[in-house]
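# Chains, contacts and geometry: an overview
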Amino acid sequence: CMDLLKAEGGGERFAFLLMDFRMSVMDGIQATRALREMGLSKLPVIALSAEADNVDDETRALFTDILNKPCNVPALKTALSSLNLI
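Residues numbered from 1 in each chain as written. Predicted model: local features only at pLDDT ≥ 70, side-chain atom pairs only at ≥ 80, totals over all residues. Heavy atoms only, no water.

### Examining helix α4 (residues 73-82)
The N-capping residue of α4, defined by a side-chain oxygen 2.8 Å from the backbone nitrogen of A75, is N72. Downstream of α4 by a residue or two, N84 has a phi angle that is positive, lying close to 60°. (Polar contact = N/O pair within 3.5 Å; in protein donor to acceptor, adjacent residues only side chain to side chain. Helix = DSSP H or I, 4+ residues; strand = E, 2+ residues; numbered from the N terminus.)

Below is the structure:
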């Protein structure tokens, strides 16, 4: 994913990213921070977390939205609708 986004115009290839907070190589917070540092500040990143209600304000600011896991279809639809993607 990072390689695709680093490629020229990579951030424009995707309407949004769905990012899990907990991943094995690089967690979602680190990955999103890296994306923002790469200049992809306008790319919507929707995070999934089992602890979405306990995320601090600094971390929350990295993401466009944070949804609770398990994620349900209505919550995802609401998030995508707020971005005018559906």
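Okay, back to it.
### Side note on the pattern of salt bridges
One pass over the structure, following the stated rule, counts one salt bridge. Note that K69 and D20 form a salt bridge whose closest N and O atoms lie 3.0 Å from each other. Linking K69 in the loop between β3 (65-68) and α4 with D20 in strand β1 (residues 17-20), this pair joins segments that are 49 residues apart in sequence. (Salt bridge = Lys/Arg side-chain N within 4 Å of Asp/Glu carboxyl O.)

### Focus on helix α2 (residues 28-37)
With seven of ten residues buried, α2 lies mostly within the body of the structure. By the burial criterion, the buried members of α2 are G28, I29, A31, T32, A34, L35 and R36. Lining the buried residues of α2 we find α1 (2-6), β1, β2 (45-49) and α3 (57-60). G39, located one to two residues past α2, shows a positive phi value of around 95°. (Buried < 20%, exposed > 50% of the residue type's maximum accessible area, 1.4 Å probe, protein only. Contact = heavy atoms within 4.5 Å.)

### A closer look at the pairing of β1
The alternating pattern of β1 places L17 and M19 on a buried face, while none of L18 and D20, on the opposite face, is buried. Strand direction decides the pairing type here: β1 and β2, joined by four bridges, are parallel. By the bridge assignment, L18 is partnered in β2 with I46. (Pairing = 2+ DSSP bridges.)

### Points about the environment of S49
Among the secondary structure elements, S49 is positioned in strand β2. The exposure class of S49 is buried, given its relative accessible area of 5%. Separated by 15 residues in the primary sequence, S49 and T64 have C-alpha atoms spaced 13 Å apart. In contact with S49, not counting residues within four places along its chain, are F21, I66, L67, N68 and K69. Reaching out from S49, the side chain makes a polar contact with the backbone nitrogen of E51 at a distance of 2.9 Å.

### Notes on the sheet that holds β3
Sheet strands line up and pair through hydrogen bonds in the backbone, either parallel or antiparallel. Taking strand neighbours across the sheet as the criterion, the three strands line up as β1-β2-β3 in an open arrangement whose pairing is parallel. Pairing within the sheet leaves two strands with one partner each, and these edge strands are β1 and β3. In this sheet, adjacent strand axes meet at a mean angle of 30° when their direction is disregarded. Alignment of β2 against β3, held across four bridges, turns out to be parallel. Along β3, the bridge assignment pairs L48 with L67. The sheet strands contacting α2 are β1 and β2, and the helix crosses β1 at an angle near 140°. (Axes fitted to C-alpha atoms, helices over the stretch in contact; angles between N-to-C directions.)

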